[in-house]
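# Coordinate analysis (summary)
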Amino acid sequence: MKKLDLVIKNAKLVLESGIIRGGVGVSNGRIAIIASDEHLPPADEIIDAEKKYLLPGLIDGHAHIHDPEMEEHEDFTTGSRSAAAGGVTTVVDMPLVSQVDTVEAVECKVGLGQDMSIVDFSLYGGMLTSDNVGMIPKLINTGVAAFKAFTAEPFYASTGAIVRALSETSEYGGHLAIHSEDRDILDEFSGRMEGEWDAPISHALSRPEIAEEIAVDRNIAILKKTGGHLHIAHITTRGALVSVERAKLNGDLVTTEVCPHHLQFHRDEMNRLGTKSKMNPPLRSKQDRAALWSALLRGTIDIVVSDHAPAPIEKKEEGEHDIRNAWAGVDGVQMIIRVLLSEGINKNRLTFHRLLEVTSSKPAKLFGLYPKKGVLAVGSDADMVLVDLTKKEKISADMMFSKCGWTLYEGMEMTGAPIMTFVRGVKVFEDDRTTIKPGHGQFQKMGDAIHL
Ligand SMILES: [Zn+2]
């Protein structure tokens with residue numbers, strides 16, 4: 001075999017079929033060979049993994065990385081550096097406030113990403129409302145086959161709009177991800193707060209579990225009529241998990257995702273964590289958190305996503321005396337792998353097999369990127385992350401690459417971290433720093449989803 005560009009040897013390779021000792025060889029950005037060390041050919045660069053775990057790079061299926069109107073929050077350069085430092089090699093960017101509902105808006109974002117990003121990226125279309133459902137077939141032709149809608153403010157889509165959008169995915173493909181909280185329930189319970197808004201936990205109390213559960217049930221009921229593919233964004237409650245599990249058992253095409261902050265924190269920590277801990281849906285009870293881990297392990301939850309949406313700290317501090325005034329959103333793209341290693345693998349709540357599925361192979365299948373992405377296999381892109389399961393870190397803002405310069409996880413001691421990240425065979429992160437200039441990232445068109 002001819003000389004390769006890169007060989008990583010002496011690794012524990014996390015493959016779909018299980019974990020084996022050996023290495024991978026890379027040629028022209030793709031995996032050319034997977035073999036035991038003695039069968040690996042020569043290469044220009046050889047990295048000794050020192051028996052650490054080599055995984056496919058993570059695919060973060062929901063991250064607010066770049067909004068042309070909100071560059072003070074994050075941009076493709078800072079967001080993709082955060083991604084690389086979290087072992088994420090493809091981010092699926094989700095719109096924040098600017099609409100991505102025309103071919104021109106997609107082209108604009110693709111151009112920005114290709115100039116600024118250091119990791120690969122795909123794009124969600126949205127926000128979907130009654131006025132722009134017609135975007136679905138147009139955007140699918142540009143490689144954007146995932147769409148976002150809200151059943152709550154600030155981008156409320158009527159039940160009729162949801163019916164039309166799911167019908168469109170039934171006809172043209174792609175999926176509709178819905179932020180599922182019922183607007184009327186939120187209004188009702190906010191109204192009951194009677195001015196008690198100074199404590200951060202008020203935010204969670206004003207958005208009760210029932211708001212999510214009613215919206216999830218309604219969206220599943222619509223799906224049964226329309227067909228198509230419903231993806232429940234950031235699931236958080238036991239009731240919603242039961243509904244999704246029942247729908248899956250009935251053969252409905254429903255998938256769901258969970259965020260690292262809902263796996264890490266619970267509602268009673270909000271007053272201690274302060275205004276930083278505001279996000280939607282809010283943090284839930286300890287019992288809900290336990291149910292999320294259990295559902296992640298057994299497969300009710302399909303993928304883990306960051307819902308990365310930090311803001312400048314001033315926008316968080318504005319909620320100091322009234323939590324309603326704080327920005328809703330937290331950092332996350334750098335934390336998915338850390339939470340899953342530290343709280344998951346190292347605490348026996350997760351297996352490597354499921355880690356691979358929920359962070360790589362399943363998102364790749366869901367977004368139509370498989371097997372180019374999401375797996376260590378010959379012919380696949382050499383998107384890889386080397387993780388040290390024993391590395392201890394005290395999480396601090398200093399280690400974060402986000403533009404916002406703070407983290408909800410400040411001061412936490414965690415065990416397990418990524419130490420090297422590769423995108424198409426090029427090292428983009430090593431030793432706590434990024435190692436490549438912006439512009440390496442390529443737009444990845446979504447294809448047809450694979451449902452297994
Ligand atoms: Zn989001």
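See the structure printed just above.
Heads up: these notes are all about the structure in this document. (Residues numbered from 1 in each chain as written. Predicted model: local features only at pLDDT ≥ 70, side-chain atom pairs only at ≥ 80, totals over all residues. Heavy atoms only, no water.)

What follows covers the sheet that holds strand 13 (residues 303–304). Here five strands make up an open sheet; going across it, the order is 9-10-11-12-13 and the pairing parallel. With one partner strand each, in any of the chains shown, strand 9 (146–150) and strand 13 form the two edges of the open sheet. Relative to strand 10 (residues 175–179), strand 9 runs parallel, the two being bridged by five bridges. By the bridge assignment for strand 10, Phe-150 is matched with His-179. Sheet contacts for helix 4 (residues 159–172): strand 9, strand 10 and strand 11 (230–232); angle to strand 10, the most-contacted strand, approximately 150°. (Pairing = 2+ DSSP bridges. Helix = DSSP H or I, 4+ residues; strand = E, 2+ residues; numbered from the N terminus. Contact = heavy atoms within 4.5 Å. Axes fitted to C-alpha atoms, helices over the stretch in contact; angles between N-to-C directions.)

A word on the coordination of the zinc ion. Protein coordination at the zinc ion comes from His-62 (NE2), His-64 (NE2) and Asp-307 (OD), with a distance range of 2.0 to 2.1 Å. Read in sequence order, the donor residues coordinating the zinc ion give the pattern H-x1-H-x242-D. With His-64 in the loop between strand 6 (58–63) and helix 1 (76–84) and Asp-307 in the loop between strand 13 and helix 12 (313–317), this residue pair connects regions lying 243 residues apart in the sequence. Asp-307 matches His-64 in its accessibility class, with the two residues each being buried. (Donors = N, O, S within 2.8 Å, 3.2 Å for Na, K, Ca; no water. Buried < 20%, exposed > 50% of the residue type's maximum accessible area, 1.4 Å probe, protein only.)

The next point concerns the nonpolar core. Among the nonpolar cores identified, the biggest contains 90 residues, and Leu-128, Leu-176, Leu-296 and Leu-340 are the most heavily contacted of them. When residues no more than four places from it in sequence are discounted, the contact partners of Leu-340 are Leu-263, Trp-293, Leu-296, Val-304, Ile-345, Leu-350, Leu-355, Val-358 and Thr-359. (Core = buried A, V, L, I, M, F, W, Y, C linked by side-chain atoms within 4.5 Å.)

What you see with strand 8 (residues 120–123) is no split at all: Asp-120 and Ser-122 on one side and Phe-121 and Leu-123 on the other are buried throughout. In this sheet, strand 8 lies alongside strand 7 (residues 88–93) in parallel orientation, the contact comprising four bridges. Among the inter-strand pairings, Val-92 is bridged to a residue of strand 8, identified as Ser-122. In this view, the connection linking strand 7 to its parallel neighbour strand 8 by way of helix 2 (residues 103–116) has right-handed handedness. (Right-handed = clockwise from strand over helix to strand, strands pointing away.)

Once that is clear, we can look at the pairing of strand 1 (residues 4–15). Of all twelve residues that make up strand 1, nine are buried, and the element is covered over most of its length. Bridge count for strand 1 against strand 4 (residues 43–48) is five bridges, and the pairing is parallel. Bridging across to strand 4, Val-7 finds its partner in Ile-46. In the sheet, strand 1 pairs with strand 2 (residues 18–27) via eight bridges, with the strands oriented antiparallel. Bridge pairing links Leu-13 to Ile-20 in strand 2. Two successive antiparallel strands, strand 1 and strand 2, enclose a turn made up of two residues.

Now for unusual backbone geometry. The phi torsion of most residues other than glycine is negative, and most of the peptide bonds are trans. Here the amide bond leading from Glu-153 into Pro-154 is cis, since omega sits at 15°, within 30 degrees of zero. Within the secondary structure layout, Pro-154 lies in the loop between strand 9 and helix 4. Following Asn-280, the chain continues to Pro-281 via a peptide bond in cis, the omega torsion being -10°. Tracing the backbone through its elements, the reader meets Pro-281 in the loop between helix 10 (270–273) and helix 11 (286–298). The phi torsion at Asn-10 lies on the positive side, around 60°, for a residue other than glycine.

Now for the packing of aromatic side chains. For the structure shown, the criterion picks out seven aromatic pairs. Taking the centre distance of 5.8 Å and the plane angle of 50° together, the rings of Phe-150 and Phe-155 count as tilted. Arranged with centres 6.4 Å apart and planes meeting at 85°, the rings of Phe-401 and Phe-429 form a pair that is edge-to-face. Highlighted residues: Phe-401 in the loop between strand 14 (384–394) and strand 15 (413–423) and Phe-429 in strand 16 (residues 426–430), separated in sequence by 28 residues. Given a relative accessible area of 2%, Phe-429 falls into the buried group. Members of the aromatic cluster, each reached through a chain of ring pairs, are Phe-76, Phe-121 and Phe-443. The ring of Phe-189 carries Arg-192 above its face, with NZ or CZ at 4.7 Å from the centroid. Directly above the aromatic system of Tyr-370 lies the positively charged group of Lys-365, at a separation of 4.7 Å from the ring centroid. (Phe/Tyr/Trp six-rings, centres within 6.5 Å; stacked < 30°, edge-to-face > 60°. Lys NZ or Arg CZ within 6 Å of the ring centre and 35° of its normal.)

Right, let's talk about the pattern of salt bridges for a bit. Enumeration over the complete set of coordinates arrives at 32 salt bridges. Here Glu-16 makes a salt bridge to Lys-365, at a shortest N to O gap of 3.9 Å. Of the two residues, Glu-16 is situated in the loop between strand 1 and strand 2 and Lys-365 in helix 14 (residues 352–366); the sequence distance between them amounts to 349 residues. The class of Glu-16 is partly exposed, set by a relative accessible area of 33%. We note a salt bridge from Asp-252 to Lys-224, for which the minimum N-O separation is 2.6 Å. Of this pair, Asp-252 sits in the loop between helix 8 (238–249) and strand 12 (254–258) while Lys-224 sits in helix 7 (residues 209–226), and the two are 28 residues apart along the sequence. Judged by its relative accessible area of 18%, Asp-252 is buried. Within this structure, Arg-30, Asp-120, Lys-372, Lys-373, Asp-381, Asp-383 and Arg-424 form a network of salt bridges that share partners. (Salt bridge = Lys/Arg side-chain N within 4 Å of Asp/Glu carboxyl O.)

Function-wise, these values are silent; they only describe arrangement.
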